Number of protein chains: 4
Amino acid sequence: MIIQLEKNIKESDLERIKSECIKLGLKPTTVNTASSQYLVSVVKNEIDIRLIGSLSGVTDVHRVSDDYKLVSRKWKVGYTTIELNKNSRIGDGSFCLMAGPCSIESESQIRTVLKHLKENGISVMRGGVFKPRTSPYSFQGLGLEGLKLWHKLAADNGVSIISEVMAIDQIEKMYPHIDIYQVGARNAQNFPLLHELGKVDKPVLIKRGMSGTIDDLLHAAEYVFSSGNEKLILCERGIRTFERAYRNTLDLNAVPILKDKSHLPVVVDPSHGIGIRKHVPRMALAAVASGCDGLLLEIHPEPEKAFSDGQQTLNFEEASRLYADIKQLLKFFGVECEMVEGSSASGS
Amino acid sequence: MIIQLEKNIKESDLERIKSECIKLGLKPTTVNTASSQYLVSVVKNEIDIRLIGSLSGVTDVHRVSDDYKLVSRKWKVGYTTIELNKNSRIGDGSFCLMAGPCSIESESQIRTVLKHLKENGISVMRGGVFKPRTSPYSFQGLGLEGLKLWHKLAADNGVSIISEVMAIDQIEKMYPHIDIYQVGARNAQNFPLLHELGKVDKPVLIKRGMSGTIDDLLHAAEYVFSSGNEKLILCERGIRTFERAYRNTLDLNAVPILKDKSHLPVVVDPSHGIGIRKHVPRMALAAVASGCDGLLLEIHPEPEKAFSDGQQTLNFEEASRLYADIKQLLKFFGVECEMVEGSSASGS
Amino acid sequence: MIIQLEKNIKESDLERIKSECIKLGLKPTTVNTASSQYLVSVVKNEIDIRLIGSLSGVTDVHRVSDDYKLVSRKWKVGYTTIELNKNSRIGDGSFCLMAGPCSIESESQIRTVLKHLKENGISVMRGGVFKPRTSPYSFQGLGLEGLKLWHKLAADNGVSIISEVMAIDQIEKMYPHIDIYQVGARNAQNFPLLHELGKVDKPVLIKRGMSGTIDDLLHAAEYVFSSGNEKLILCERGIRTFERAYRNTLDLNAVPILKDKSHLPVVVDPSHGIGIRKHVPRMALAAVASGCDGLLLEIHPEPEKAFSDGQQTLNFEEASRLYADIKQLLKFFGVECEMVEGSSASGS
Amino acid sequence: MIIQLEKNIKESDLERIKSECIKLGLKPTTVNTASSQYLVSVVKNEIDIRLIGSLSGVTDVHRVSDDYKLVSRKWKVGYTTIELNKNSRIGDGSFCLMAGPCSIESESQIRTVLKHLKENGISVMRGGVFKPRTSPYSFQGLGLEGLKLWHKLAADNGVSIISEVMAIDQIEKMYPHIDIYQVGARNAQNFPLLHELGKVDKPVLIKRGMSGTIDDLLHAAEYVFSSGNEKLILCERGIRTFERAYRNTLDLNAVPILKDKSHLPVVVDPSHGIGIRKHVPRMALAAVASGCDGLLLEIHPEPEKAFSDGQQTLNFEEASRLYADIKQLLKFFGVECEMVEGSSASGS
């Protein structure tokens, strides 16, 4: 059950509502987000919600039969829109492209990518500075110093950045230098991290776990939302299966299902989703057709020399051709996109 | 290794080539299809292929490093085209839609579906008369009598039919009354059945197994091809994963991978692939965008009353809307399609 | 619902019972096995079973809430015992070992294995003559001629044989030369094959599918039982997962679950279950501890030279050590076993 | 490559060795554990290891072809033994039982469990105070206060405790009140957490991830070891598959494989591994037979009233019966166990 409270509810009203809940056998969790205040409770028995709905300070009461509550569309049918920067929103029906290298490697690499993004009218750049690597002996990323440099250069170009946060102590350190936090597949059930991300006022993109179900992903989002942050983006990036012909199995079923079950925006990462460079464009187009709100794409000036994930990363020429195709395809679907008009057109 | 032989090779030349192969340590399999004759052999050691290539009766010799041989694109870069009927081909770059009910149920059902297909310019009808049901107490299909009736009515309307064959003894019985044989997911590794289907001259569509890999699917096709039938269509229909939010996980990665590895046409079954009626259209569009050669779609005049699979079956109105969207999307990709021009247009 | 009928029920009584069933909205399936006669029906609505139970010719009526009926322990709490030969039974609480090569290769191989089995008091030999191979170019087995030779030699030694049947037409051909039919993992949902195997009076061992669930396996058994053959053995042989360190993932959870849900005997194939020779003995012992009724084990005089599966096959010395360990372990569990007393003892 | 260094190597020698490594194109990582000092490096090209082996301060140089290095048995063939308390070691060939509730709930619950453990001669108690729950609205554990109370009571009874750590900031807070840290399945790839656990001098048990491979698990251990902590225990706890008949699929193949690939002790958690109370004992025995070094078992005075995991938790009577069976089985395998002699005996 979700109880929506008045914006500036009186403390005494709030206490009254809580005590009524407790009388009814509920254990309400108080949730304060930037825009609203809620009481959320799992309801096990039948309850007459009018007993709560009629109390002073209550705006609305919603029954939500899903196990997750705040992220469900059962109470909020319209979709959540998140401002990413002055040029870019996500969740409002428009399309948002986020592109960049797997790893941030050097100032010159950053500058080259930013120039490419600007030319193509893309205003969100992805990149990793803290890298979750299977081996402790692999390149672990440039860390906070890399982030600072990158953020400065990006901000100078009006570009927002998204980067993975791997540990609670990084949240605060990254805060001045980040626009969108990303939670990686390996942290999709790192509940303390998700809980802490509920306390910041910047958007958080949550990737589905390696073998995470739709339900797991929505519960991960519920952790962040219930701690106070409703600027959430869900991301399908491929699941682990027994198939050995590709790195992961991109599960586009997830897109219409997530759009049906939740009011949060959904993006797809086709680069990790198939893991094979030459097939990324096709899967990007399939993802667009599946109805997602945006893409997370790995690009690099010289994929062959990338510190990580080169085998699934597009070069600028391949990327530009894909942008053009995506734009055309979005037109077909009647979807707006901030990207600059390009030249290429054929559907690969 | 694949040795292409002259169309009307002399028996003595053939024997000579075989004996040379054996001298080289090979165990050649003779393959006769409607259009060509080959010798196929797994090669374990390094061999000078000129020793074979220079023999009388040999047209060409190809090294194929894949475990499957004849279905590989390593020796046949161009795609295989299959005539389905006078209006419909598959594999030539055009798009082929096959639609119909899960089960053939009655004459009136057949007539209603045929009328709908004709109105929409669709010339291949799917339907089951031998149904592979998990429980022996479930409806097992109308059997051969149903097939005869259906085939007659379809032929009268210029429509070809595709239906599942489950056992070797059905191949011959079905032969006069079928246009395209379908091998279901549960028989994807039924090697004797695949072997026997190599002896007929009608097209065979092979569905990927419940947990079948790309490699398994291509080997299944190799079984049919190596027994003499090269009119093969590969079908992605969703794999079994741990996800419980949908019936199967449609794996669209399979489309570009199969088009890259094999010269055979690839179709997608979005109905089984997600198993939820309201999401089938989105996944159908995503499949088109992934680059497949056709779709296998479940439709029914009254899905609520269907004998099987009603929960994933579109009614005619939903289906017609989807055809229109597909046609528009194909135009975007520059792909031809035999479907009649419809009225609807918006992509979601 | 399962209606047990009197052994020599009068035709008129049977008709009466069927018509009562139909009046109640049921569609009863008649099942005749060697020992009993049943009517089986899926019941959708609440029914007063006394209306049937009181009819002449009815011995007993059981409600079975599982989707599978005859193989369920919900109506038959005691376990089914199957005579394999005069020395060997399965399902009566004793332990049955079946060992032999993956492929039957030659007369001398057969003789050597039989000698080894006799020395160790093992009276069931496994072996393949029809081999389901992923590639059509791999060794496909010695076929019927191999089976005839093998069966003769085995019978001369008082040993029963178990071998895979892959197609309906093989059932009759194999019949005079086989003691136990095996349905392989790839045919676990080959329903016509299962249906036909219900018509023979010899035991059938059914392997779980590559990605088959417990429910799938029990439904496969239901197909055979409902066609008239109740001499069924279930076999866990490892499932396909994303793990690449072994061939399959042996799922020993399946053993106590199957023993709980069904009255049929359960055997384990540790050779396919892990696929790595040196680890087979450990998994065999774990399988014994999990409570199975028997093992299916791959052994060969010279595994390095085996035509197939050599990498997971034990040689005679390794096998003998394992038998001794199994025997000791069975003693610990208080389980009888026909194997001859050996010498080795330590738990490897 | 692993370079073992002299215990009190001179700084100048260390620098010399490092610079030689760098000259050879290596990037050595310095690892200091309580007992040893190493340089570890991934080697891409062929190197003459004598160039390093002959340097002053080097004890030994090992090539390790696995991707993980320090946890591999390729350089350390003997098994690692870890002292858990004065009565209990793990990895020395003896058997270690760890039992306790899913969640620590109250003082009286703790006391009751401790009494039971003492009576059965078990000296390690498991329990959760920080609970990783899928839903933010579920019971999250008693936290640090619960841990303090529990640790005090356990220490008074000479019992060590093992409990899950979920976040870096908990490591230090838990330190005075914990004997063995546990990393849960959901944090199996939480690399920063693993890295920080390398800096403590208490044992760490690492559970395999929900869909983690053997390789993933060994890499997780490598993270901890390479940061300085070699007191590591690996734990198989079931993986996620498509099977719905049990909570997880216990993968006992993992036991012999891990014992073969790594020198670290391996324990099994049969409670999570099958998730069904009545089948836990069978799977515990199967785990013992698979060759593991210990078990992690969920027990509770009243499982029906447990705050979490009651459906897979044994009561004291069931547990005592299982201990007796385990002890008997260990005798069969010639394995020592600290557990007190009990009374029950029968193997099922």
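Note: the structure precedes this text.
These remarks concern the structure in this document. In this text the structure is predicted, and so the values were computed from the model without any measurement.

**Some remarks on the relation of the copies chain B and chain A**
Note that the two copies of the chain are related through a rotation about an axis and a translation along the same axis.
Move 1: Mapping chain B onto chain A is achieved by rotating through 180° and translating by 0.0 Å along the same axis, at an RMSD of 0.0 Å. Given the turn and translation reported, the copies of this chain are related as if by a two-fold rotation axis. Distance from the rotation axis, computed per C-alpha, reaches its smallest value in chain B at Ala286 of chain B: 2.2 Å.
Move 2: A share of 100% of interface residues in chain B that are also interface residues in chain A marks the association as one of identical surfaces.

**Points about the sheet that holds strand E2 (residues 29–32) of chain B**
Residues and elements named next belong to chain B.
Move 1: Spatial strand order, E2-E3-E1-E4: four strands in an open sheet with antiparallel pairing. A single partner strand is all that each edge strand has here, and the edge strands are E2 and strand E4 (58–62). Here the average twist between neighbouring strands, direction ignored, is 20°.
Move 2: As judged from the four bridges shared by strand E1 (residues 2–5) and E4, these two strands associate in the antiparallel manner. In the strand pairing of E4, Ile3 is matched with Val61.
Move 3: Most of the contacts of helix H1 (residues 11–23) go to strand E3 (residues 37–40), to which it runs at about 15°, and overall it touches E1, E2, E3 and E4.

**A closer look at the interface of chain C and chain A**
Move 1: Counting residues at the interface gives five residues for chain C, matched by five residues for chain A.
Move 2: Roughly 500 Å² is buried in total at the junction of chain C and chain A, and carbon and sulfur atoms are behind 59% of that figure.
Move 3: In terms of surface lost to chain A, no three residues of chain C exceed Arg240, Phe242 and Arg244 of chain C, which account for 82% of the buried area on that side.
Move 4: Inspection of the region where chain C meets chain A yields zero salt bridges.
Move 5: Scanning the region where chain C abuts chain A turns up zero residue pairs in polar contact (both at pLDDT 80 or more).
Move 6: Classifying every residue of the side of chain C that touches chain A by side-chain character gives one nonpolar, one polar and three charged.

**Notes on the pattern of salt bridges**
Move 1: Per the stated rule, a full pass over the model turns up 104 salt bridges over all chains.
Move 2: Linking Arg16 of chain A and Glu20 of chain A is a salt bridge whose minimum nitrogen-to-oxygen distance equals 3.7 Å. Of the two residues, Arg16 of chain A and Glu20 of chain A both sit in helix H1 (residues 11–23), four residues apart, roughly one turn of that helix.
Move 3: Shared partners join several salt bridges into a network, and the residues in it are Arg208, Glu236 and Asp251 of chain A together with Glu243 of chain B.

**Some remarks on the environment of Ala155 of chain A**
Move 1: Locating Ala155 of chain A in the fold gives a position in helix H4 (residues 143–156).
Move 2: Residues Ala155 of chain A and His177 of chain A, 22 residues apart in the sequence, show an inter-C-alpha distance of 9.5 Å.

**Digging into the interface of chain B and chain A**
Move 1: Listed by partner, the interface residues are 41 residues for chain B and 41 residues for chain A.
Move 2: When chain B packs against chain A, close to 3200 Å² is buried across both sides, 66% of that on carbon and sulfur atoms.
Move 3: Per-residue buried area on chain B facing chain A is highest for Phe242, Asn253 and Phe332 of chain B; these three make up 21% of the total on that side.
Move 4: For the interface between chain B and chain A, the tally reads four salt bridges.
Move 5: Its salt-bridge partner being Arg208 of chain A, residue Glu243 of chain B comes within 3.0 Å of it at the nearest N-O pair.
Move 6: Put simply, chain B and chain A have 14 residue pairs in polar contact (both at pLDDT 80 or more) between them.
Move 7: With six residues, helix H10 (residues 280–289) of chain B is the largest single contributor of residues to the side of chain B that touches chain A.
Move 8: For the side of chain B that touches chain A, the per-class residue count stands at 20 nonpolar, 13 polar and eight charged.

Procedures and definitions
- Throughout, residues of each chain are indexed from 1 in the direction in which the sequence is written.
- Going through the entries in the order they are written, you letter the chains from A and number the ligands from 1.
- Since the coordinates come from a predicted model, pLDDT governs what is reported: local features require at least 70, and pairs of side-chain atoms require 80 or more to be given and counted, while whole-chain, interface and lining totals use all residues.
- Hydrogens and waters are ignored; side-chain quantities use all the structure's heavy atoms.
- Copy-to-copy superposition: least squares on the C-alpha atoms, limited to residues that have pLDDT of at least 70 in both copies.
- Note on contacts: a residue pair qualifies if any of its non-hydrogen atoms lie within 4.5 Å across the two residues.
- Strands qualify as paired when DSSP identifies two bridges or more between them.
- Secondary structure is summarised from DSSP: a helix means a run of H or I of at least four residues, a strand means a run of E of at least two, and numbering begins at the N terminus for each.
- Between N-to-C directions, angles span 0 to 180 degrees; the directions come from axes that are lines fitted to C-alpha atoms, helices contributing only their stretch in contact.
- Buried area adds together the accessible area that both of two parts lose upon being put together, with accessible area traced by a 1.4 Å probe.
- The salt bridge criterion pairs a side-chain nitrogen of Lys or Arg with a carboxyl oxygen of Asp or Glu, the two atoms within 4 Å.
- For the purposes of these results, a polar contact is taken to be a pair of N or O atoms within 3.5 Å, where, inside protein, one atom must be able to donate a hydrogen and its partner to accept one; residues adjacent in sequence count only when each atom of the pair is a side-chain atom.
- Each residue is assigned to one class: nonpolar for Ala, Val, Leu, Ile, Met, Phe, Trp, Tyr, Cys and Pro, charged for Asp, Glu, Lys and Arg, and polar for all the others, Gly among them.

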